[in-house]
Each structure stands twice: as structure tokens, then as C-alpha cells.
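# An overview of the molecular structure
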Amino acid sequence: MYNLSAPSFVILATIAETIFLFKRFPNRSAQAEPVQILFLIFTINLIIWRIYRAVIYPEFISTLRHLPKAKRRWPLIGYGPAQFSNSRGQIFLQMANTVPNDGLIRFQGFLDTEHLLLTNPEALNEVLIKRSYDFIKPPGAVKIFNQFLGRTFLFVTEGIQHREAKRIMQPPFSFRQVQDMYPVFWAKAIDMTNSIELSAPRDEQGALVADRFLDSPHKNEVLKLYETLLSPRWDVRLYFMITAFLPLWTLKLIPGDISQRVDAASSSLRQAVKALIEDRKGDVEKKSHKDIVIQLIERDYFTDEELVSNILGLLIAAIEPTTSGFVWAIWYLAMHPTWQARLRDEIRANIPHRFLTNDSASFDAASTLEKLPILDAVCNESLRLMPPSPISNRVTKSDTSVLGQPVPAGTKLFIASYTANRFEKFWGPTAETFDPSRWLGGHGRDKKADSSNYGFMPFLHGPRKCIGHIYATYEIRLFLAAFVGRFDFEMADKGEAPIPAGVMTIKPKNGLKLRMRPVKPG
């Protein structure tokens, strides 16, 4: 009974009871309309099931019933929409701060399904590191990625298959390999700032004004297609929610043409990546610097279809966290001009102006950017407060325990980076304040700001930590250095508070409208 979904159980029970009623009392049953009897029995069963799931099971039967419980949010759907809402992590931070607990908080999701929020280092360590493969990706998330990327993408694999695939894919994302990419990152960052200065409109005072400053008039088709799939629009979020929890045919019920647009974008992306792979196969012998695609081709581990799925996923992993981290760092600096000035002074003291404009190829980015502690501190603090993906989930694949507490198979566990990164027990009373100085201390960049690794996990920890975390971290640093070294900026509307939104990562829903002035050489 517990393994059946609520609709399946109620429907099966209704059919069985109706058949029994007609066989046991044929004369009385003949006096009533079959449809009326069926509907009446279905309604009674539904009411009984709701009482059972909402009251009897969680309060008297569930093995989790003795854990601290968050106050019910909404009837029937509970906290279900929370992981799809714009703010996402804030709800779970409030839960963790208001419900007394010893590392686990019980709360209810869709159809009163029981979930657990992990709130202390011991619980996080057990799930993310010690027994990471005992806790699998949620079926809904796997279903979404299967829909767009295929069944061989690293994200959806488990156990031995995941370990082997990650071993094959990890080398291109090593620190040394990422350092080799610094000249490419820096050249792209300077292209971005040059494009802003040349094409952004100006206000009455001559300041540059832009709200999509990562956009480029020369943006390639692949990036445009990604935006279709990962837009923070309400219909895209609804599309992903339905894909995760309902049959795929229900996608056609969404108003507008979002289902057709997503299908077309997904198909076009796969074709574009297939063409990229074929192009790179011809470059394998010629390339002196081998990019990630060429390195994966050379390892000869994946079939062509598996390559397509994994390169699509890696493009998401490369683009989304970088964009999210960069935009939120810019916002925090726009709201904290003192830190913006301190960072600019550090950048301009170490990077000559010509390297910020038209001589990017001569700049030794790797050695220079390793010596900028304020840049490092600003990036860390921004990632702490606004991790690219505020919430991750795992599901118990069998009956198990966490912190000694029995947890039944199929229970969803919530790992809220946004929440853990803002715990006062890790960061003190200023936990929710933007303060890069907490990363400087008395020993510069070598000073660990918190006493627990679990107080800073923008990309999680353990075997399933984001494979591109080094790539994203250093690309954010380079783009931020180029931008801050080139422009003095503030919010165009100082009273505007950006709304966090997104499907996989979180960015300002309506962009980030800035007023910028180029910084003069000197």
C-alpha cells in the first residue's frame, strides 16, 4: 500500500469495491446508476485516503513521526512548490531557524509526502560523503534530464557507473587544465567589457545603462537555445514541474507553445552538439591546446550519443553557475560601493590598464589573479550568500538511517546550500550580511572563514560535487576582475531588489539594470 501513489491506490480500491458491491448486492446495485455508485465510492475513498495521509500515517505510523516537524504550509501540496519558487532557499532557512532540531526536520510536500531537511554537518557529511551512493537523485529530476540529455549523462548515473564516468570526465576539469584556460577566459571577459562600452546606451548624464550586460549581439545559437530551456519564465518552471511529477502528455495543457518551444530547442541543441563533435574529431590531431570536447573524444570511453548527452550537460555546468555567480557578485558590489572601490584598487594595482582593454593576449592571468585576496574574498562571499543552485535533493534508495534515525526507502532529503551557507552557528550574527572581510582574517586567502566545510558549499561536497566547480569559480573571478577593473557601477534604480529566479540555477528574474562609467587609466 505504501508503494502505490495516492491516485493509483484510490482508483484501484474504487474499482475493487465497486465490483464487490455489484456481486454481493446485485439487486440493490441494479437500482442505482453504475456511474453514480462509482463516483460515490471514489469520493469516500479519496476522503479516507486524505485523512490517512494527512493525519493517521504521519502522526501514528511513520518511522519519522518522532522528528521535529515544520508547521504545515498548505493543505495537500505542503511545501511542494517551495523548490520551484523564485526565492527557493529562504523558506528552508526560515524552517531551520524556527524549528528546534538536532540535524533533521520533517516536513510535508505534495500529497502530504514526508521529506527531511538536513541541518547540521553530521547529517550532510553522512549523505554527501560517507554514504553518498546510498542516496540517489530524485526520480523527478532524473526524468527531466532524461528528457533533454539522455540516460547516460553523468548527473543521472549512480553507483559504479557514476564513479567510472566521473573518473573519465574529471581530468579536463582539474586545476591545471583550468589554469591553461585562463587566457581564453580573460580574452572573453575583455570582449564582454569592450562590447558593453561600445554598444550600451547612455543616459542623460552620459553613463552607460544596461540590464543584460552578459548578452552580446554576437551570441551564438547554442546559447540562445539554452536560454529557451533554462529561462526563469513561469511557463518554463511549470513545464519542469509537470515533467518531474506528472505524465508527459499533461505538458500539452500548459497555455501557449512552451512544450513545442522546449522540444524544438532540445532537438536543435542535440544537433548543434553533434555537429560540434564531428568538427572536433577532425581537429584531434591538429590542436595544440585541446579543449574539453577533444579530450573527451580522445579518451574513447563514450559512444557518440553518450558524448552528445554529456557535452550538453557540461555546457550547462559551464554556463549556468558562472553566469549566476558573476551576476550576483556584481549586484553585491553595486550595493556595497566601499567593497567595490577596494576591489578596484586591488585590481588596478596589479593589472595595467592596457590588459583591461586591448592587450589581453599579453596578460599572465594565472599568476596575477592568484595574488588578489580581495577578489577571492568577494567571490567567496557572494557564492556563500547566493549559491548557484540553492537546493539539491537526494532520495533513499532503500530503508536506511541518517544520524541513527530510521528513514524509509523513497524518502526525499533536502540539502539546502542557501540555508547551510547562512547558518549563524557557522558564521555568527552577521551570517546574512555581505562581508568579504570574513575571508581575509589575518592570513589572507589561506585563512578558512568558517569552522565547518558545510558552512560553505556553493557546489556541494563529496563524490557528487559539481564536476565543473573549479572551472566556474575561476571563470567568475576572471570576469569579475575584468568588469570591476573597467567600470565604476551602481544600480540604475537604487531601490530595486532583484528577484531570484531560475530552473537549475538562480539569477535575477528581470536582469540586473546597472548604471556604469568607464574607469579612466591611471
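Description of the structure in this document. (Residues numbered from 1 in each chain as written. Predicted model: local features only at pLDDT ≥ 70, side-chain atom pairs only at ≥ 80, totals over all residues. Heavy atoms only, no water.)

Before going further, it helps to spend a moment on the packing of aromatic side chains. Considering all chains together, one arrives at 23 aromatic pairs under this definition. Aromatic pair F107 and F414: ring centres 5.0 Å apart, planes at 70°, arrangement edge-to-face. Of the two residues, F107 sits in strand β1 (residues 104–108) while F414 sits in strand β8 (residues 412–416), which places them 307 residues apart along the sequence. Among the aromatic side chains, those forming a connected cluster through ring pairs are F326, F479, F483, F487 and F489. Over the ring of F423 we find K425; its NZ or CZ atom is 4.8 Å from the centre of that ring. Stacked on the ring of F426, the Lys or Arg K425 has its end atom at 6.0 Å from the ring centre. (Phe/Tyr/Trp six-rings, centres within 6.5 Å; stacked < 30°, edge-to-face > 60°. Helix = DSSP H or I, 4+ residues; strand = E, 2+ residues; numbered from the N terminus. Lys NZ or Arg CZ within 6 Å of the ring centre and 35° of its normal.)

For N45, the position within the fold is in helix α3 (residues 34–61). On the basis of relative accessible area, N45 is assigned to the buried category, the value being 11%. Residues in contact with N45, not counting those within four places in the same chain, are V10, A13, T14 and E17. (Buried < 20%, exposed > 50% of the residue type's maximum accessible area, 1.4 Å probe, protein only. Contact = heavy atoms within 4.5 Å.)

Between side chains of opposite charge, a pair can form when the charged atoms approach closely. In the structure shown here, the tally under the stated rule is 18 salt bridges. Between R464 and E158 there is a salt bridge, with its nearest N and O atoms 2.9 Å apart. Residue R464 is found in the loop between α19 (424–427) and α20 (469–486), and its partner E158 is found in the loop between α6 (139–149) and α7 (159–169); the two are separated by 306 residues along the sequence. Exposure remark for R464: the relative accessible area of 11% places this residue in the buried category. For E158, a relative accessible area of 22% translates into the label partly exposed. Ionic pairing is found between E381 and R438, a salt bridge with its closest N-O pair at 2.9 Å. With E381 in helix α17 (residues 373–385) and R438 in the loop between α19 and α20, this residue pair connects regions lying 57 residues apart in the sequence. Relative accessible area serves as the criterion here: at 0%, E381 is assigned to the buried category. Here the residues in one salt-bridge network are D203, E490, K494 and R515, joined through shared partners. (Salt bridge = Lys/Arg side-chain N within 4 Å of Asp/Glu carboxyl O.)

On a regular strand, one side chain projects to one face of the sheet and the next to the other, so that they alternate. With respect to burial, β8 is a largely interior element, five of its five residues being buried. Because side chains alternate across β8, one face comprises the buried residues K412, F414 and A416, and the other comprises L413 and I415, equally buried. Alignment of strand β5 (residues 391–396) against β8, held across five bridges, turns out to be antiparallel. Looking at the pairing, N393 lines up with F414 of β8. (Pairing = 2+ DSSP bridges.)

Further remarks concern helix α15 (residues 337–350). For α15, with 14 residues, the first-to-last C-alpha span of 20 Å sits near the 20 Å given by 1.5 Å per residue. Buried residues of α15: W339, Q340, L343, R344, E346, I347 and R348, and no others. Those residues of α15 hidden inside the fold are in contact with α14 (304–335), α17, α20 and β9 (487–491). (Expected span 1.5 Å × (residues − 1).)

Scanning all chains against the criterion turns up three cavities of 30 Å³ or more. Listed by contribution, the elements that provide at least two residues to the lining of the largest cavity are α6, α7, α11 (234–245), α14 and β5. The greatest single-element share of the lining of the largest cavity, amounting to six residues, is contributed by α14. Of the residues belonging to the lining of the largest cavity, the class tally is 25 nonpolar, 11 polar and nine charged. (1 Å grid on protein atoms, 1.4 Å probe; cavity = no way out; pocket = protein on both sides within 12 Å on 5 of 7 lines; lining within 4 Å. Points joined across faces, edges and corners; volume = space filled by probe spheres on them. Nonpolar A, V, L, I, M, F, W, Y, C, P; charged D, E, K, R; others polar.)

Moving on, we get to unusual backbone geometry. Even without glycine at this site, D300 takes up a positive phi of about 50°. Within the secondary structure layout, D300 lies in the loop between α13 (292–299) and α14. Unlike most non-glycine residues, L403 shows phi in positive territory, near 55°. By secondary structure assignment, the location of L403 is in the loop between β6 (400–402) and β7 (405–407). Judged by relative accessible area, which is 33%, L403 ranks as partly exposed.

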